[in-house]
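Examination of the molecular architecture
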Amino acid sequence: MEDPQEENTLGFSKSPVWRLQKQYYENIDIAESWGSGDIPFEATSNPFIADRYARVILSYLHFLSASCDLVQINILETGVGHGRFSFMLIRRLLGLLEDSVPAATFRYIMTDVSEKNLEVWKEHPKLQPFIKQGILEFAQLDVVDLHDTRLEIANTDLRTALNGQPLILISNFMLCALPYDIYRVKEDNLFHCCVSVEEKNLSLADKDPRSILSNLRYSFSYEPYAPGFYDKAQINDVLESYPDLISEGTFTYPIHIMKLYDFFNSACGAEMLWLITDEATVKQSQLNRSRAVVGKIANGTLSNRVNLHALGLYIEPHNMSVHYPAHPDWNTDTYLLAPKNPALHQALQLKDGFLDQFRPKSYYLLMKSLSDAPPKLTADALIALFELTLDDPSVIKLYEAELLVLSQDIRGWRRRYLREAVARCWANHYDIGEEYDMAFTVGRLLEQLGSPRRAIPILRDCTQVRPDNIQAWHALGKSYQARSELNLAIASFQRVLSLDPSHQSARKQLQTLNGN
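This structure is a prediction, so every number in the text was calculated from the model and none was measured. (Residues numbered from 1 in each chain as written. Predicted model: local features only at pLDDT ≥ 70, side-chain atom pairs only at ≥ 80, totals over all residues. Heavy atoms only, no water.)

Let us look at the overall build of the protein chain. Secondary structure assignment for the protein chain yields 24 helices and 16 strands. Whereas a compact globule of 516 residues would reach a radius of gyration of roughly 24 Å, the protein chain reaches 26 Å, a difference of no more than 12%. Reported as C-alpha extents along the three principal axes, the dimensions of the protein chain are approximately 95 × 60 × 45 Å. Accessible surface for the protein chain amounts to roughly 22500 Å². Of this, 48% is attributable to carbon and sulfur atoms. (Helix = DSSP H or I, 4+ residues; strand = E, 2+ residues; numbered from the N terminus. Rg over C-alpha atoms; globule rule 2.2 N^0.38 Å. Areas by Shrake-Rupley, 256 points an atom, 1.4 Å probe, with all protein chains shown as cover.)

Structure (structure tokens):
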């Protein structure tokens, strides 16, 4: 394992701690990290944020199709990780496109630094229909050490694939984990922060990168900034403007995010949008008298607020600007980088408070409150929650007990609505190896709500994955019985009794089926 200890050096972005972080993400396991809940992901992996992003993309497609002969648009997501958001966004976008712009006009490219993640995506059953339709691609992309990479399916160079076509970039809680430099403005002068890093308590032998990152000590000193520090004049110009913008403060400088913008801007050679949900600083007033926190560990890795204000200054000469809510929450909020085009802004409803409406941040806070202390809900309130969340599968997990009771007692239109809502939640579900058995709960609910046809394949898969699941076998038997598939029903109930000879319900069902 690489020793992270170093002397004071200019440029925290070059510290070996970032290489440790890269090693962690390269070797990450989806089930062990996201599936276990070790790394939270709910804020940017739900049907609501997928819908908001899809509507921005749809509006952009309408705008382009009205102004030019649109051939194809590329949607590229950086730092995808587990892939649940990608699935939800593609699915929602296809739904919105059914009666609109032809679906063949977009290609979605899932990218990550981890080759292991790509292998999981390529085999995931929920992504197979998109692969067959030719609208999904994969690429291993290191957003820090940018180099030529190829699309996995088309075997085409990424730059060639992007060239000349409009691009929508998506980055959800990825930019905050990229390397940055640190500067201070004091008494109208600019100072470069020199960071020294040393290991505190651990022996480096046999320790994983995440453990080391969590046990580092940082010390700082400041040196007068020498003009022209970076190899690109525009990056220096933005940095050197800060003594005129703020009276005093310490701030991060997103050098690699600027380079990432340059890479994609030159690669596509056309209009570009960038949708970002992250922790960020976007207003100049937020930087005045600010104090950058170095070495902050979030979920075991280095993280910090993204300085989108600096990025906004950097893209301004390219006729681009950063759009944000009137009162951005710098812990979690959504931002949009877009060309300075009034007609496009109107198409995206940027002047109508689109980013200020009930938004992904609002949704996350609501769902977190429900998760922390779920209130008791009536059937009508649960129906409203399904409607509000656009059939978020997490509602089933939160209210499993209530739904299982309701599914046996409820009648009429409410029963029909819950049946369809549960089915839609299952369609929205994307497995990442979580301990909670969503398939089992959905299968039981569909059986109890009178949809054995949809319950059978789900419950059958459950019994294959967990052949000792007595309740799954019992629900499967009842579903077969409702469909008059009596031999399969008998076999299912017999399986129940082989696992639990005292199971009275299964015994009675068998007696009925055998005419006893």
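What follows continues from the structure just given.
The residue N155 is not glycine, and still its phi comes out positive at about 55°. One non-glycine residue, R289, adopts positive backbone phi at about 60°. Secondary-structure assignment places R289 in the loop between α12 (284-287) and β12 (297-298).

Turning our attention to empty space enclosed by the protein. Going through the model one piece at a time under the given rule, you end up with two cavities of 30 Å³ or more. Along the walls of the largest cavity sit L175, C176, L178, P179, Y180, T252, P254, I257, N304, R305, V306 and N307, which together make up its complete lining. (1 Å grid on protein atoms, 1.4 Å probe; cavity = no way out; pocket = protein on both sides within 12 Å on 5 of 7 lines; lining within 4 Å. Points joined across faces, edges and corners; volume = space filled by probe spheres on them.)

This part is about the layout of surface pockets. Approximately 300 Å³ is the volume attributed to the second largest pocket. Looking at the lining of the second largest pocket, the elements that each hand over two or more residues are α3 (47-67), α4 (84-97) and α19 (412-428). Among the elements that take part in the lining of the second largest pocket, α4 stands out by supplying five residues, more than any other. Of the residues contributing to the lining of the second largest pocket, the split by class is five nonpolar, two polar and five charged. (Nonpolar A, V, L, I, M, F, W, Y, C, P; charged D, E, K, R; others polar.)

A sheet is described by the order of its strands in space; here seven strands give the open sequence β4-β3-β2-β5-β10-β16-β15, paired in mixed fashion. The open sheet is flanked by β4 (136-140) and β15 (320-323), the only strands paired with a single partner. Ignoring which end each strand starts from, the neighbouring axes of this sheet average 20° apart. Looking at chain direction, strand β5 (residues 167-172) and strand β10 (residues 272-278) are connected through six bridges and run parallel. Each bridged residue has a counterpart across the sheet, and for L167 the counterpart in β10 is M272. Strand contacts of α4: β2 (73-78), β3 (106-112), β4 and β5, with the helix running at about 175° to β3, the strand carrying the most contacts. Docked against the sheet, helix α11 (residues 255-268) engages β2, β5, β10 and β15, running at close to 150° with respect to β10. (Pairing = 2+ DSSP bridges. Axes fitted to C-alpha atoms, helices over the stretch in contact; angles between N-to-C directions. Contact = heavy atoms within 4.5 Å.)

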